[in-house]
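Now for the letters of each chain:
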Amino acid sequence: MGILSTIASFIGFGIGTSLGLVIGYYFFIYFQSTHVKDPTIRPLAEQDTKALQQMLPEIPFWIKNPDFDRLDWLNRFVEYMWPYLDKAICKTARTIAKPIIAEQIPKYKIDSVEFETLTLGSLPPTFQGMKVYSTDEKELIMEPSVKWGGNPNIIVAVKAFGLRATVQVVDLQVFASPRITLKPLVPNFPCFASIYVSLMEKPHVDFGLKLLGADAMSIPGLYRLVQEIIKEQVAKMYLWPKALEVQIMDPTKAMKVPVGILHVKVLRATNLKKKDLLGGADPYVKLKLSDDKLPSKKTTVKYKNLNPEWNEEFNIVVKDPESQFLELTVYDWEQIGKHDKMGMNVIPLKELTADEPKELSVDLRKTMEANDPENEKPRGQITVEVVYKPFKNDELSENAQDPNAIEKAPEGTPSSGGLLVIIIHEAEDVEGKHHTNPYARLIFKGEERKTKHVKKNRDPRWNEAFEFTLEEPPTNERLYIEVLSVSSKLGLLHPKETLGYVDINLSDVVSNKRINEKYHLIDSRNGKIQIELQWRTP
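What comes next concerns the included structure. All of these numbers come straight from a predicted model, not from anything done at the bench.

1. Concerning the overall build of the protein chain
In terms of helices and strands, the protein chain carries seven helices and 26 strands. Split into buried and exposed, the 538 residues of the protein chain put 36% on the buried side.

The structure is reproduced here in C-alpha cells:
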C-alpha cells in the first residue's frame, strides 16, 4: 500500500499541476482586462520640462535649466591637467593629514597611521554646468554641478598593539552642487580676499571599502549606515549657510584704498662697499612700499661708481601711512648672474609730516634684523628726499555713499519678515510671430502685476519696480515672470502671444540680499530679461 500511495500521489501532483497551468493560461488569454490601452507615443519635442527630466535624469544642467552655462572648456582643461592635479592634490592631502593624524592617534593608543598608496586615479571629475550670480555686493557667486565617478586607489595602513591592518577605498562616486563665493572683490591680484565653499544640498557619496582585502561594504546594513554618516557629517560642516572659508589675503589690507601719494627723489649714495673684482661697483636702487603687491621701482645703473648721484623722482601710491614704510635697497648690477645686494634700509611713513619735504640720509644694512652682527659693518649711506601728500576729502572715492547699499525696509514692516522688491529692467532679443509690442507680467503668491507696453521694440526697457510686504522670508516661494505681446491693431486672430517666461526660486535673494541678473527666457529663441531682486529687512 505504501508504494501504491506514493505512485498515486506523484500522478495526482502531475495531473493537478498540468490542469492548473492550462486553466491559468485560459483565464489569462480570454479574461484580460479590456481597459488596457496602447501606450501613447509622442515626440520628445512635445514633452514638457518635468516629463523630460524624469525620462532623462542624467542630462547636463545646462540643458535642463537655461540659467546654467556649459563648461566644456573647463572639462577639457581638467582632463589634460588631471595627471598633474592628481599628484598635487595628493601631496597637499598628505601634508594636511600628517599633523592631524599625529595629534589624534595617541588618544586611541595607535602606533601609526600612514598612507601606503594615495592616488585619485585616471578619471577626472566633470562639471555638468555652472550658474553665476551677480549681486553688486563686491562678491562673485558660482554654483557648479560636479560629478565624479573616479577610480582612486587609497590604502591606509594602521599599526596598533603589534598588529598591522590596511583599509582600501576604491570606486569612489561623488555628486555635489557646491556654492563658491569669492569675496570681497578687491583691486589687488588675485582680485578677491577669501573663498567660501558650501553645499546647497547633501552630496551623494558612494565608494567601496576593503578591510584586510575583504569587501567591508558587503556586510548587511553597513553600506547604508556609512553613507548616511558621511552625508550627515558633511552637511553639519558645510551645508548652506555654513561654509568652508579659505583666506587668500588679509581682507583688512586688501580693502584699503589709496589715501595719498609719496613723492620720492633718490639723490645719491656715498661710500658704497666694493663688489667687483677690480675694486668697483655698478649700483642702482630699488624702492617700494611694504605690503604693496606692485613691482619695485628702479633707478638707472651708475657704472663703476661708489659715490653715485641719481636725482631721479618717483611717485608711489600710499594706502596706510601709519603702518607702511618705504623700502630702499641698493644692488650691484651684473651682466651675467644674480645682482648682488649692497645694502638696504627703511623709512617709516608715520615719521613724515604731510606736505612737508624732508631730506633723509640712512645707513645701509645687510638685513633689517636688529640683532644681526653683519649690520655693524659699514656699507655706505643713501640720501633721498621724500614728501607725503595725502588726498583731499573730495578726492577719496570711499567717502562717498555706497550706491549698492541695500535700503532698510520701511517702518511698519513685520519684524520677522521684510520687503521684497522686484525691479524689471529690460529685455533683449524678444520677437513675436505676428507682432512685438512687449510688456512683462509677474505673478507672486497669486498676485499679478504688469509693466507698461512698449510698441514695436525687440529690446524693451521698463525699469519698473514692484514691492511686496511679507510676514516671513520667501525662502520656499517662486516668482513667475512672463513677457507677452499685444496686437496694436483691432485684430481678432492673434490679439496676444507669449514671448517667453522665467520661473525664479527666491531662496537665493533671501541669503544674498540682492541679485541683479539676466535670465534666459524659456520658450524663446534668444530672448533674455534683466531682473533685479532685493530683500529688505527692518
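2. Side note on the sheet that holds strand β16 (residues 340-348)
Taken in spatial order, the four strands make up an open sheet running β13-β12-β15-β16, and their pairing is antiparallel. A single partner strand is all that each edge strand has here, and the edge strands are β13 (297-298) and β16. With eight bridges joining them, strand β15 (residues 325-332) and β16 adopt antiparallel strand pairing. If you follow aspartate 332 over to β16, its bridge partner there is aspartate 340.

3. Topic: the pairing of strand β20 (residues 438-444)
Taking burial as the measure, the seven residues of β20 include six buried ones, the bulk of the element. With six bridges connecting them, β20 and strand β23 (residues 478-486) associate as antiparallel partners. Across the sheet, residue arginine 441 finds its bridge partner in β23, namely glutamate 482. The pairing of β20 with strand β21 (residues 447-450) spans four bridges and is antiparallel. Paired with phenylalanine 444 across the two strands is glutamate 447, which belongs to β21. The turn joining β20 and β21, which pair antiparallel and follow one another in sequence, is formed by two residues; a positive phi near 55° is taken by lysine 445.

4. Here we look at the pattern of salt bridges
Pairs can form between side chains of opposite charge whenever their charged atoms are close. Per the counting criterion, the structure on display carries 14 salt bridges. Residue arginine 268 pairs with glutamate 359 through a salt bridge whose shortest N-O separation is 4.0 Å. Separated by 91 residues along the polypeptide, arginine 268 in strand β11 (residues 260-270) and glutamate 359 in strand β17 (residues 358-363) bring together distant segments of the chain. Relative accessible area serves as the criterion here: at 49%, glutamate 359 is assigned to the partly exposed category. As a salt-bridge pair, glutamate 447 and arginine 449 come within 2.8 Å of each other at their nearest N and O atoms. Look at arginine 449 and you get partly exposed, because its relative accessible area is 24%. Residues joined in a network through salt bridges with shared partners are Arg441, Glu448, Lys450 and Glu482.

5. Side note on a positive patch on the surface
Together, Lys273, Lys338, Lys341 and Lys366 line one region of the surface with positive charge. Residue placement: lysine 341 occurs in strand β16.

6. Describing the environment of lysine 377
By the secondary structure assignment, lysine 377 is in the loop between β17 and β18 (381-390). Classification of lysine 377 by relative accessible area gives partly exposed; the value is 42%.

7. Quick word on the layout of surface pockets
A volume near 2100 Å³ is recorded for the largest pocket. Forming the walls of the largest pocket are 35 residues, and the residues nearest its centre are Ile89, Leu120, Trp148, Val174 and Leu244. Listed by contribution, the elements that provide at least two residues to the lining of the largest pocket are α4 (72-104), β3 (140-149), β5 (163-176), β6 (178-185), β7 (192-199), β8 (204-211), α5 (222-238) and β10 (244-247). Here the lining of the largest pocket gets nine residues from one element, more than from any other, and that element is α4. Tallied by class, residues from the lining of the largest pocket come to 34 nonpolar, one polar and no charged.

8. A word on the side chain of aspartate 320
Inspection of the secondary structure assignment puts aspartate 320 in the loop between β14 (309-318) and β15. At 2.6 Å, the side chain of aspartate 320 and the side chain of serine 323 are in polar contact.

9. Here's the deal with the pairing of β7
The buried fraction of β7 amounts to six of the eight residues, a majority that puts the element mostly inside the structure. As judged from the four bridges shared by β7 and β10, these two strands associate in the antiparallel manner. Note that in β10 the partner of serine 194 across the bridge is glutamine 247.

10. Concerning the packing of aromatic side chains
Going through the model one piece at a time under the given rule, you end up with five aromatic pairs. For the ring pair tryptophan 82 and tryptophan 148, a centre distance of 6.1 Å and an interplane angle of 70° mean the geometry is edge-to-face. Taken together, the positions of tryptophan 82 in helix α4 and tryptophan 148 in strand β3 put the pair 66 residues apart, joining distant regions of the chain. Each member of the pair, tryptophan 82 together with tryptophan 148, is buried. Relative to tyrosine 331, the ring of tyrosine 284 lies with its centre 5.8 Å away and its plane at 20°, an arrangement referred to as stacked. One end of the pair, tyrosine 284, is in strand β12 (residues 283-289); the other, tyrosine 331, is in strand β15, and 47 residues separate them in sequence. The two residues tyrosine 284 and tyrosine 331 agree in class, both being buried. Here lysine 286 stacks its cationic end above the ring of tyrosine 331, 5.3 Å away from the centre of that ring. Looking at arginine 449, its charged tip hangs above the ring of phenylalanine 468, at a distance of 4.5 Å from the centre.

Cut-off values and rules
Residues numbered from 1 in each chain as written. Predicted model: local features only at pLDDT ≥ 70, side-chain atom pairs only at ≥ 80, totals over all residues. Heavy atoms only, no water. Helix = DSSP H or I, 4+ residues; strand = E, 2+ residues; numbered from the N terminus. Buried < 20%, exposed > 50% of the residue type's maximum accessible area, 1.4 Å probe, protein only. Pairing = 2+ DSSP bridges. Salt bridge = Lys/Arg side-chain N within 4 Å of Asp/Glu carboxyl O. Patch = residues over 30% accessible without salt bridge, like charges linked within 9 Å, V, L, I, M, F, W, Y side chains within 5 Å. Areas by Shrake-Rupley, 256 points an atom, 1.4 Å probe, with all protein chains shown as cover. Lys, Arg positive; Asp, Glu negative; His and termini not counted. Charge placed at Lys NZ, Arg CZ, Asp CG, Glu CD. 1 Å grid on protein atoms, 1.4 Å probe; cavity = no way out; pocket = protein on both sides within 12 Å on 5 of 7 lines; lining within 4 Å. Points joined across faces, edges and corners; volume = space filled by probe spheres on them. Nonpolar A, V, L, I, M, F, W, Y, C, P; charged D, E, K, R; others polar. Polar contact = N/O pair within 3.5 Å; in protein donor to acceptor, adjacent residues only side chain to side chain. Phe/Tyr/Trp six-rings, centres within 6.5 Å; stacked < 30°, edge-to-face > 60°. Lys NZ or Arg CZ within 6 Å of the ring centre and 35° of its normal.

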